[in-house]
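Observations on the model geometry
As a plain string of letters, each chain reads:
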Amino acid sequence: VYDGIENEQRKKWIGDWIQGQRVDVLTLNELNGWSAKYLSEIATTWGFEFSELLDTGAYNMGILSKYSMTVLSKHVGGTFNHGFLQVRVNHPRHSFRVLVTHLSPFEATKRVKEVEALIITGEGGLPCWIASNLSMCFTILVRLLLKLLP
């Protein structure tokens, strides 16, 4: 999502495309101006029963799911430019965690610190998917994740 998808035609096109995919869980960034109620309405329109919003005051983030979710953490400030939202998706076969963030658009060193903090946050007993605006820092994320592998 780019700056809240203010263009209704674009929003419909995105929704139609998502509905044509086989998506069980979807993370969204830059939900500027979206409320939890509005995200829930969009979720229903796009074929998802559950939604969760992290209201950052500007660049909100959300997670949509066909399965119920339990919020594990909502964080704004500190190390993070925009914060992060972490949920457990209660899939009937195997639960897993999803963590969404919008990494700092300003400084590479800040993005590295955010990714390092996410890796620590992501540790635990359940598999964790980390989603973000990775176009800016995919190389950094891969490099840090490779450090964790045996």
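This section reports on the structure supplied with the text. This is a predicted model, so every value here is computed, not measured.

Rules of the game
- Residues numbered from 1 in each chain as written.
- Predicted model: local features only at pLDDT ≥ 70, side-chain atom pairs only at ≥ 80, totals over all residues.
- Heavy atoms only, no water.
- Phe/Tyr/Trp six-rings, centres within 6.5 Å; stacked < 30°, edge-to-face > 60°.
- Buried < 20%, exposed > 50% of the residue type's maximum accessible area, 1.4 Å probe, protein only.
- Helix = DSSP H or I, 4+ residues; strand = E, 2+ residues; numbered from the N terminus.
- Pairing = 2+ DSSP bridges.
- Axes fitted to C-alpha atoms, helices over the stretch in contact; angles between N-to-C directions.
- Contact = heavy atoms within 4.5 Å.
- Arc of directions from axis to C-beta.

**Some remarks on the packing of aromatic side chains**
Summed over the entire model, instances satisfying the criterion amount to one aromatic pair. Relative to Tyr38, the ring of Trp34 has its centre 4.9 Å away and its plane inclined at 90°; by these criteria the two rings are edge-to-face. Of the residues examined, Tyr38 reaches a relative accessible area of 24% and is grouped as partly exposed.

**Some details on unusual backbone geometry**
Within the chain, Glu30 stands out as a residue other than glycine whose phi angle is a positive 60°. Looking at the element boundaries, Glu30 is found in the loop between strand E1 (25-28) and helix H2 (36-45).

**What about the sheet that holds strand E2 (residues 50-54)?**
Ordered in space as E1-E3-E2, the three strands form an open sheet in which the pairing is antiparallel. A single partner strand is all that each edge strand has here, and the edge strands are E1 and E2. Strand-to-strand twist of the sheet, defined as the mean angle between neighbouring strand axes without regard to direction, takes the value 10°. When E2 meets strand E3 (residues 61-65), the two strands line up antiparallel, connected through five bridges. Considered in E3, the bridge of Leu54 is made with Met61.

**Quick notes on the environment of Ile130**
Looking at the secondary structure, you find Ile130 in strand E7 (residues 128-131). For the pair formed by Ile130 and Arg97, sequence separation is 33 residues and the distance between their alpha carbons is 8.5 Å. When near neighbours in sequence (up to four residues on either side) are disregarded, Ile130 contacts Leu99 and Leu118.

**Observations regarding H2**
Taken residue by residue, H2 has Leu39, Ile42 and Ala43 as its buried positions. The arc that holds the buried residues of H2, viewed along the axis, is 105°, so those residues lie on one side. Away from its buried face, by an angle of more than 90 degrees, H2 presents the exposed residues Lys37, Thr44 and Thr45. Where H2 is buried, its residues touch helix H1 (8-19), E1, E2 and E3.

**Notes on the sheet that holds strand E5 (residues 84-89)**
The sheet built from four strands is open, its strands ordered E4-E5-E6-E7 with mixed pairing. In the strand order of this sheet, the two ends are held by strand E4 (69-75) and E7, each with one partner. This sheet shows a mean twist of 15° between the axes of neighbouring strands, independent of strand direction. As paired elements, strand E6 (residues 96-101) and E7 share four bridges and run parallel to each other. Each residue of the ladder has a partner; that of Arg97, found in E7, is Cys128.

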